[in-house]
Amino acid sequence: MIAMLRETWWWPWWVSSLIDLTIVFAALVVFHSSARRLVRALASLLVVAGVVAAVLAPVVMTDRPDRHMRNEPAMRVGIQ
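Residues numbered from 1 in each chain as written. Predicted model: local features only at pLDDT ≥ 70, side-chain atom pairs only at ≥ 80, totals over all residues. Heavy atoms only, no water.

1. Focus on the overall build of the protein chain
Then, in step 1: Counting its regular elements, the protein chain contains three helices and zero strands.
Then, in step 2: The N-to-C order of helical and strand elements in the protein chain reads α-α-α.
Then, in step 3: A burial count over the protein chain gives 15% of its 80 residues as buried.
Then, in step 4: Summarising the internal contacts of the protein chain: among those between residues at least 6 apart in sequence, 66% fall at separations of at least 24.
Then, in step 5: Total accessible area on the protein chain is roughly 6900 Å²; 69% of this is exposed by carbon and sulfur atoms. (Helix = DSSP H or I, 4+ residues; strand = E, 2+ residues; numbered from the N terminus. Buried < 20%, exposed > 50% of the residue type's maximum accessible area, 1.4 Å probe, protein only. Contact = heavy atoms within 4.5 Å. Areas by Shrake-Rupley, 256 points an atom, 1.4 Å probe, with all protein chains shown as cover.)

Written out as structure tokens, the structure is:
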């Protein structure tokens, strides 16, 4: 079942960017509301990672998975 999901599950790049920006927003809220140095450091790390992921999503998510060049046929679990 997981192999089938891996082959058919796809969403556009902007959905991934929205998820990333939501995480960035939540991390910014935690950063501004916390006074602990460790929490602020982890929140700032999440902000940087989320911004990088949101910016790179259009670059790396250009095609649907079924448009990739493949030599092997699609395998389905349990179907022969």
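2. With respect to the side chain of Ser16
Then, in step 1: Mapped onto the elements of the fold, Ser16 is located in helix H2 (residues 13–33).
Then, in step 2: A relative accessible area of 15% places Ser16 in the buried class.

Read these as layout, nothing more, since geometry by itself doesn't imply function.
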